Amino acid sequence: MRYSIASQALCGAITVSALTVPNTQVQKRVQHVDISSFKSFPTADPKVYFDKANATVRDFFKQGIFNDGPMDTSGRWIDRPLAVLEEVSDQLELHFEDLQDKIEDSLEKLQVRDEVHRLKSRRNNPVKDILTFPDFSDFFGKPSSQPNTPNNPNTSNNPSTPSNPNTPSKPNTPSQPNTNTPSQPEQPTKTPDNGKGAGGPGKTSGGSKETAGNGAATCDPSNPNVRFEWSSYSNADRTAFVQAIKCLQGKPSGGSQFTGSTNRYEDLISVHRGMTTDIHQTAAFLVWHRYFVWVFEQLLRDECGFNRAMPWWDETKHAGAFAASDVFTNDWFGNLPAKTSDGQGTCIESGEFAGTTLHVGPGNANENHCLSRAVDESQTAQCNQDFTNTCLSMTTYEDFRDCFELGPHGYGHNGIGAVMAEVSASVGDPVFFMHHLFVDHTFRIWQNANPSRRTTISGCANKANPCTPITLDTTLSSNGLRPDLTVRQIMDTLSGTICYRYDY
Ligand SMILES: [Cu+2]
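- Looking up the protein chain in an unreviewed UniProt entry gives the name Tyrosinase copper-binding domain-containing protein, with the organism given as Xylaria flabelliformis.

Take a look at the structure:
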């Protein structure tokens, strides 16, 4: 339900903190929240990154060559070929596992016709196809004197071994322990609530639930959990997902260590707030928030019976028009009101989270305040495919992290506004997780472009001076909500402790 101009004007003229407006269907409570004191997420001028990015590489990602997708039971992508960029010595090699007309067409668009013809001539060659770009420095628009990523011997020397560990060449043996119900490969058109998707009966949380923290994790990469994009996530799944979040909001807090919290969902807000300094604008950003979304998922599953696939939200499809997405409707997360003329947010009185009172935040305060939003579509417009592709074209973890954190991530938070724009307590708006599922999706796509991106990390783990360098052994904590994990366990979403991919 959208607010009329009249009701907003009425409230703007009244200075009480809450106003009850009679409504034949719902008690409509309208409150303006001053967001002027909120500390917004930092963002950067897109031009800074666009200038650094090579248009060819950005276009290359746009072809979907590195996207996620359904795999067959041996862990091979089935709806599109997989290509892996390998930085080898002074050149870049593009390795294909499977050649189809689609990828050839894509490459032809990228004006590498000669190479495509060479590849076509090798179609029947059992040896892995390799496309080599001799002038690697030009391709990535960076000096060739840059340090090279260590070459993965599996990808360049052994023709029988696929270059991506997500696609093992040998099918998993039937005797491999697997407590999950065997399932057919997901089909791209299937919705996940039909029993075939990752969230179908008998396949609830993959390897993650059973193995967290005990070091004996296993993950069948051909049968991981699949996170389905919202548009192909059925209404039944949407309802189950939103109701599970509401369930958390209705459960007691886990304890006084979650400062300010009055319920289980607010424990998540408190944990994020307590770690705000170290998990933003540091190398921990991507890995900690991936861990945090996983913790959220485990709470839904373990404490609220959520037994379906997780959704994710492809914000690039809604850049500049978030409010028109059916994420923000009466049926699900409630509407997305525009920032009012005086820069205020508006309490959310529609959807499943209508009338939510938050107790953690704003900032370090613990004051009752409503769940509010204040969309600025000029900012959500930056959550677009081109900005995303620009970030995907970055070759180092820190360059990608910085680009995406200050780019689409920051603009998405500030564009939704109000609670979402307030850095430390932004988790108060459940749509936080939809946004961070988008962030995590992009992180995984970036990782899919090169296997080494699942095993290497660099940068600072905190803001100390000098900082503590982040390593694969750095601990990621949720203050006891779920077991601590290491960066190593989080880097590969098919590593075992966590076990998921995205539907595309
Ligand atoms: Cu955050």
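After presenting the structure, the write-up continues.
**Details of the overall build of the protein chain**
Then, number 1: In terms of helices and strands, the protein chain carries 17 helices and 15 strands.
Then, number 2: Counting only residues that meet the buried cut, the protein chain has 49% of its 504 residues in that class.
Then, number 3: Long-range contacts, defined here as pairs at least 24 residues apart, represent 68% of the contacts in the protein chain between residues at least 6 apart.

**A few points about the UniProt feature "domain: Tyrosinase copper-binding" (unreviewed entry) in the protein chain**
Then, number 1: Under the local residue numbering, the UniProt record ascribes the feature "domain: Tyrosinase copper-binding" (unreviewed entry) to residues 280-297 and 429-440.
Then, number 2: Taken end to end, residues 280-297 is 78% helix and 0% strand, and its first and last C-alpha atoms sit 21 Å apart.
Then, number 3: Secondary structure content for residues 429-440 is 83% helix and 0% strand, and the end C-alpha separation is 18 Å.

**What about the nonpolar core?**
Then, number 1: Counting residues in hydrophobic clusters, the biggest one holds 100 residues, and the most contacted among them are Val287 and Tyr291.
Then, number 2: Beyond its immediate sequence surroundings of up to four residues, Val287 is in contact with Leu476, Val487, Ile490 and Met491.

**Brief notes about the environment of Thr329**
Then, number 1: Relative to the elements of secondary structure, Thr329 occurs in the loop between β8 (311-312) and β9 (345-347).
Then, number 2: Those residues in contact with Thr329 that lie beyond four places of it in its chain are Asn335 and Gly351.

**Quick word on the sheet that holds strand β7 (residues 225-229)**
Then, number 1: Overall, parallel pairing links the 3 strands, which are arranged β8-β7-β15 in an open sheet. Only two strands of the sheet have a single neighbouring strand rather than two, namely β8 and β15 (500-502).
Then, number 2: The sheet contact formed by β7 and β15 spans 3 bridges and is parallel. Pairing of Asn225 across the sheet is with Tyr500, part of β15.

**Considering unusual backbone geometry**
Then, number 1: In this chain, Gly361 is followed by Pro362 through a cis amide linkage whose omega measures -5 degrees.
Then, number 2: Here Pro362 is to be found in the loop between β10 (357-358) and β11 (369-370).
Then, number 3: Of note, Gln281 is a non-glycine position whose phi angle comes to about 60 degrees, a positive value.
Then, number 4: You can see Gln281 is positioned in the loop between α11 (276-279) and α12 (284-304).
Then, number 5: Positioned with a positive phi, Asn479 is a non-glycine residue whose angle comes to about 55 degrees.
Then, number 6: Inspection of the secondary structure assignment puts Asn479 in the loop between β13 (475-476) and β14 (485-486).

**Points about the environment of Asp59**
Then, number 1: Mapping Asp59 onto the fold places it in helix α3 (residues 55-62).
Then, number 2: When the 16 C-beta atoms within 10 Å are taken as the criterion, Asp59 is described as partly exposed.
Then, number 3: In the structure, Asp59 is positioned 334 residues away from Ser393 in sequence and 9.1 Å away in space, judged by C-alpha atoms.

**A short note on the confidence of the model for the protein chain**
Then, number 1: Residue-level pLDDT values for the protein chain average 75, and 63% of them are 70 or greater.
Then, number 2: Across residues 132-215, confidence stays below pLDDT 50; counting only partners more than four residues off in sequence or on other chains, it has 173 contacts.

**Overview of the packing of helix α14 (residues 385-392) against helix α15 (residues 397-416)**
Then, number 1: The geometry of α14 relative to α15 is characterised by a closest axis approach of 8 Å and an angle of 160 degrees between their N-to-C directions. As summarised for this structure, α14 and α15 are arranged roughly antiparallel, according to the angle between their axes. Viewed along their axes, α14 and α15 form a crossing whose handedness is right-handed. For the pair α14 and α15, the contacting residues are Phe387, Thr388, Thr390 and Cys391 in the first and Phe400, Cys403, Phe404, Gly407 and Pro408 in the second.

**Here we look at the packing of α14 against helix α16 (residues 431-448)**
Then, number 1: The contact between α14 and α16 brings their axes to 10 Å, and the two run at 45 degrees. If you check the angle between α14 and α16, you find them oblique. At the point where α14 passes α16, the crossing takes the right-handed sense. For the pair formed by α14 and α16, the contact residues are Thr388, Cys391 and Leu392 on the first element and Thr442, Ile445 and Trp446 on the second.
Then, number 2: Looking at the contact of α14 with α16 residue by residue, the classes come out as 4 nonpolar, 2 polar and no charged.

**Description of α3**
Since one α-helical turn is 3.6 residues long, residues separated by three or four positions face the same way.
Then, number 1: The set of residues buried in α3 consists of Val57, Phe60 and Phe61. For α3, the arc enclosing every buried residue in end-on projection is 95 degrees, short of the 170-degree limit, so these residues lie on one face.
Then, number 2: Just past α3, the residue Gly64 takes up positive phi, approximately 80 degrees.

**Details of α16**
Then, number 1: A rise of 1.5 Å per residue sets the reference length of α16, with its 18 residues, at 26 Å; its end C-alpha atoms lie 26 Å apart and thus fit the reference within 8%.
Then, number 2: Within α16, 18 of the 18 residues are buried, which leaves it mostly tucked inside the rest of the structure.

**Side note on the pairing of β7**
On a regular strand, each side chain points to the face opposite its neighbour's, so the side chains alternate between the two faces of the sheet.
Then, number 1: Most of β7 is tucked away, with 4 of its 5 residues classed as buried.
Then, number 2: By the bridge criterion, 2 bridges tie β7 to β8 in an arrangement that is parallel. Bridge pairing in β8 places Glu229 opposite Trp312.

Definitions and cut-offs
Residues numbered from 1 in each chain as written. Predicted model: local features only at pLDDT ≥ 70, side-chain atom pairs only at ≥ 80, totals over all residues. Helix = DSSP H or I, 4+ residues; strand = E, 2+ residues; numbered from the N terminus. Buried ≥ 20, exposed ≤ 12 C-beta atoms within 10 Å, placed from the backbone. Contact = placed C-beta atoms within 7 Å. UniProt positions renumbered as here; feature names shortened; annotations may be inferred. Core = buried A, V, L, I, M, F, W, Y, C linked by C-beta atoms within 7 Å. Pairing = 2+ DSSP bridges. pLDDT = per-residue confidence, 0-100. Axes fitted to C-alpha atoms, helices over the stretch in contact; angles between N-to-C directions. Parallel < 35°, antiparallel > 145°, perpendicular 65-115°, else oblique. Left-handed = near helix turned anticlockwise from the far one by under 90°. Nonpolar A, V, L, I, M, F, W, Y, C, P; charged D, E, K, R; others polar. Arc of directions from axis to C-beta. Expected span 1.5 Å × (residues − 1).

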